[in-house]
Amino acid sequence: MKEKNYLINNRLFDSYLERMNFLNEVSIDYPGAISFGSGRPDKHFFNVQGIISCFHDFAASEGRSEQETAEFYDSLGQYNKTKGIINDSIAKLLQNDENIKIDPEDIILTDGAQEGMAVIINTLFENREDVLLVSDPSYIGFVGYAKIYGVPIFPVKREKDCIDLEHLDASIRQLKKAGKNPKVLYEVGDFHNPTGAYMPLEKREALIELAEKHNFLIVEDNPYGYFIYDTQKIPTLKALDRYQRVIYLGSFSKTIFPSIRLGYIAADQEIKHRGRKIKLVEEFKKTKSFTTVNTSTLLQAMAGSYLHKQDYSLVKPCEKKIAALRQKRDTMIGVLADRFGDTGPYAGKVSWNKPAGGFFLVIDLPFKVTEDHLRRCVEDYSVIFCPMSFFCLNEEAGINRIRLAFSNLSPDKIEQGMEKLSAFIKAH
Ligand SMILES: Cc1ncc(COP(=O)(O)O)c(C=O)c1O
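## Let's talk about the domain arrangement of the protein chain
Here is step 1 of the chain: Domains assigned within the protein chain are domain 1 (10-36 + 318-427) and domain 2 (72-309).
Here is step 2 of the chain: Put simply, the middle of domain 1 and the middle of domain 2, counted by C-alpha atoms, are 27 Å apart.
Here is step 3 of the chain: Taken together, the contact pairs 30 residues of domain 1 with 30 residues of domain 2.
Here is step 4 of the chain: Between domain 1 and domain 2 the total buried area reaches about 2,600 Å² when both faces are included, carbon and sulfur atoms providing 65% of it.

## Quick word on the environment of Pro-223
Here is step 1 of the chain: Relative to the helices and strands, Pro-223 resides in the loop between strand S6 (217-221) and helix H9 (237-240).
Here is step 2 of the chain: The spatial distance from the C-alpha of Pro-223 to the C-alpha of Glu-212 is 25 Å, given a sequence separation of eleven residues.
Here is step 3 of the chain: Discounting chain neighbours no more than four positions away, the residues touching Pro-223 are Ser-251 and Lys-254.

## A short note on the environment of Tyr-149
Here is step 1 of the chain: Relative to the elements of secondary structure, Tyr-149 occurs in helix H6 (residues 140-149).
Here is step 2 of the chain: Measuring from C-alpha to C-alpha, the distance between Tyr-149 and Ala-118 comes to 8.9 Å, with 31 residues separating the pair along the chain.
Here is step 3 of the chain: Apart from the residues within four sequence positions on either side, Tyr-149 is in contact with Arg-11, Ile-121, Asn-122 and Phe-125.

## Some thoughts on the pairing of strand S10 (residues 276-279)
Here is step 1 of the chain: With four bridges joining them, strand S9 (residues 270-273) and S10 adopt antiparallel strand pairing. Paired with Ile-271 across the two strands is Ile-278, which belongs to S10.
Here is step 2 of the chain: The hairpin turn running from S9 into S10, its antiparallel successor, is two residues long, and Arg-274 in that turn takes a positive phi close to 50 degrees.

## Here we look at the nonpolar core
Soluble globular proteins: nonpolar side chains tend toward being buried together.
Here is step 1 of the chain: In this structure, Phe-252, Ile-363, Leu-404, Met-418 and Leu-421 are the most contacted members of the largest nonpolar core, which totals 113 residues.
Here is step 2 of the chain: Per-element accounting of this core gives the leading share, seven residues, to helix H12 (residues 319-340).
Here is step 3 of the chain: With residues up to four places along the chain from it excluded, the contact list for Phe-252 reads Ile-90, Leu-93, Phe-257, Ile-260, Leu-262, Tyr-264, Leu-307 and Leu-314.
Here is step 4 of the chain: Judged by nonpolar contacts, the second largest core, of 20 residues, contains Leu-165, Ile-172, Ile-208 and Ile-218.

## Quick notes on H12
Here is step 1 of the chain: With 22 residues, H12 ought to run about 32 Å at 1.5 Å a step, and its terminal C-alpha atoms sit 31 Å apart, in line with that.
Here is step 2 of the chain: Among the residues of H12, those classed as buried are Lys-321, Ile-322, Ala-324, Leu-325, Lys-328, Arg-329, Thr-331, Met-332, Ile-333, Val-335, Leu-336 and Phe-340.
Here is step 3 of the chain: Tucked inside the fold, the buried residues of H12 contact strand S11 (351-352), strand S12 (360-364), strand S15 (401-405) and helix H14 (411-427).

## Description of the packing of helix H1 (residues 15-29) against H6
Working note: a packed helix pair is described by the angle between its axes plus the distance between those axes.
Here is step 1 of the chain: With their axes 10 Å apart at the nearest point, H1 and H6 run at an angle of 135 degrees to one another. Relative to H6, the element H1 is oriented oblique. Here H1 and H6 pass one another in a crossing that is left-handed. Counting all contacts with H1, which are made through Tyr-16, Leu-17 and Met-20, the residues of H6 involved are Ile-140, Val-143, Gly-144, Lys-147 and Ile-148.

## Concerning the pairing of S15
Here is step 1 of the chain: With four of five residues buried, S15 is to be regarded as a mostly interior element.
Here is step 2 of the chain: Relative to S15, strand S14 (residues 386-387) runs antiparallel, the two being bridged by two bridges. Within S15, the position partnered with Pro-387 by the bridge is Ile-402.

## Focus: the sheet that holds strand S4 (residues 153-157)
Here is step 1 of the chain: The strand order across the open sheet built from seven strands is S2-S8-S7-S6-S5-S3-S4, with neighbouring strands paired in mixed fashion. Single-partner strands in this sheet number two, and they are strand S2 (107-110) and S4. Within the sheet, the average angular offset between the axes of one strand and its neighbour, ignoring direction, is 25 degrees.
Here is step 2 of the chain: Where strand S3 (residues 130-136) lies against S4, five bridges are found, and the strand directions are parallel. Bridged to Ser-135 within S4 is Val-156.

## Let's talk about the packing of helix H2 (residues 48-60) against helix H11 (residues 297-309)
Here is step 1 of the chain: Where H2 contacts H11, the two axes come as close as 8 Å, and the packing angle between them is 85 degrees. With respect to each other, H2 and H11 are oriented roughly perpendicular. Residues Ile-51, Ile-52, Cys-54, Phe-55 and Phe-58 of H2 touch H11, and the partners they reach there are Leu-298, Ala-301, Met-302, Ser-305, Tyr-306, His-308 and Lys-309.
Here is step 2 of the chain: Tallied by class, the residues present in the contact of H2 with H11 amount to nine nonpolar, two polar and one charged.

## A look at the pattern of salt bridges
Here is step 1 of the chain: Tallying each qualifying case throughout the model produces 31 salt bridges.
Here is step 2 of the chain: Here Asp-106 and Lys-279 are joined by a salt bridge, their closest N and O atoms 3.0 Å apart. Of this pair, Asp-106 sits in the loop between helix H4 (87-98) and S2 while Lys-279 sits in strand S10, placing them 173 residues apart in sequence.
Here is step 3 of the chain: Accessibility expressed as a relative area gives 6% for Asp-106, which makes it buried.
Here is step 4 of the chain: With a relative accessible area of 31%, Lys-279 lands in the partly exposed category.
Here is step 5 of the chain: Taking the shortest distance from any N to any O, the salt bridge between Lys-203 and Asp-161 comes out at 3.1 Å. Here the residue Lys-203 occupies a position in helix H8 (residues 201-214), and Asp-161 occupies one in the loop between S4 and helix H7 (165-177), the gap between them amounting to 42 residues.

## Examining a nonpolar patch on the surface
Here is step 1 of the chain: The grouping of Leu-7, Ile-8, Leu-12 and Phe-13 at the surface amounts to a nonpolar patch, some 410 Å² of accessible area in total.
Here is step 2 of the chain: Within the element layout of this structure, Leu-12 appears in the segment before H1.

Here is what the cut-offs are and how they apply
- Residues numbered from 1 in each chain as written.
- Predicted model: local features only at pLDDT ≥ 70, side-chain atom pairs only at ≥ 80, totals over all residues.
- Heavy atoms only, no water.
- Domains from an automatic or database assignment.
- Contact = heavy atoms within 4.5 Å.
- Buried area = accessible area lost by both parts, 1.4 Å probe.
- Helix = DSSP H or I, 4+ residues; strand = E, 2+ residues; numbered from the N terminus.
- Pairing = 2+ DSSP bridges.
- Core = buried A, V, L, I, M, F, W, Y, C linked by side-chain atoms within 4.5 Å.
- Buried < 20%, exposed > 50% of the residue type's maximum accessible area, 1.4 Å probe, protein only.
- Expected span 1.5 Å × (residues − 1).
- Axes fitted to C-alpha atoms, helices over the stretch in contact; angles between N-to-C directions.
- Parallel < 35°, antiparallel > 145°, perpendicular 65-115°, else oblique.
- Left-handed = near helix turned anticlockwise from the far one by under 90°.
- Nonpolar A, V, L, I, M, F, W, Y, C, P; charged D, E, K, R; others polar.
- Salt bridge = Lys/Arg side-chain N within 4 Å of Asp/Glu carboxyl O.
- Patch = residues over 30% accessible without salt bridge, like charges linked within 9 Å, V, L, I, M, F, W, Y side chains within 5 Å.
- Areas by Shrake-Rupley, 256 points an atom, 1.4 Å probe, with all protein chains shown as cover.

Spelled out as structure tokens, the structure:
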């Protein structure tokens, strides 16, 4: 038989993409291990039945006769608008919870934020000169897709609380000098995955000014913004955006549940193309019509009826989740303080952050963390963590650090897992 070596996109073998497979495989090989590896939300807060019954209530209400209710259900079976059917509800939600004013026509519903990322990348990148800027480390979902699609990516250093703006400025100048076009910056300002950082207000403002100065777009991905534990809410980049530089990506995976697979892009940009003014969202729509045609009408209707019931705000329904997540974070930090705190022999050698929100905590270790360490930690201590280098384009950027997700385990399990992880750290 002839060798079929031409069938696969070679970029899939990029070592960056292989790392996540490795983590998944470890989780599958050791199902009994306590996993701080993945930032899944806690299933105890999913309330799937509640959403379904809210949907049925909505279908039967609104003064509909029995016949009209039946027609309402039937209408959900058909293909539907590519941009979505609950755009009005999303616009109200963004206005109420984020103070983002956006025309419903500038919103496009997607199959999770992940599809939004693919739509944005496919729509905006064509030339080899167009460069995607990302802070290093960054969320692997966006960077991974860009890699598969072959987008040139430039990693920018991170400071403790966000992207290093000076390095960003210098990198853009350097790229332009080399004939490149730094076109889009991807950032998670609210409780960044993987570092947990909350970008300060003045740096948000400075970033938007930089985008205006250097003529690039910012993709603001915000799945964790609701989950604030002990700090004041900071406006999103989109809420601060005076220049229409920010494309906003939303997700219901953490506020409702992930299987609803609903996200959205809010993009009010008008761009010039061959002398014509066009709406960016209409180009996203074109791309989406050739990928998923439209986002499930049924799932949109479910989310829409839930939003209707909650008066188009998710602040209140997230309160219980926030309290539980805060407790989980504090449990994790409690064990770390106990094992590696100020007065003990490890003081100053092992340090960690106290994320003000989100799902992730980062530990700085006095040794380089490799895949081999992860394997040994699972085999000998039954605990899974995520080496920070897995999220880094420049692997050295995260070589002494690990990311722990505290979202999906009970406080008891977190305590048990952290005791074991502490023993692993001490042994190394
Ligand atoms: C930063 C970030 N963006 C997006 C997503 C995925 O969102 P969705 O489930 O809506 O595709 C995640 C999920 O972990 C994430 O951490």
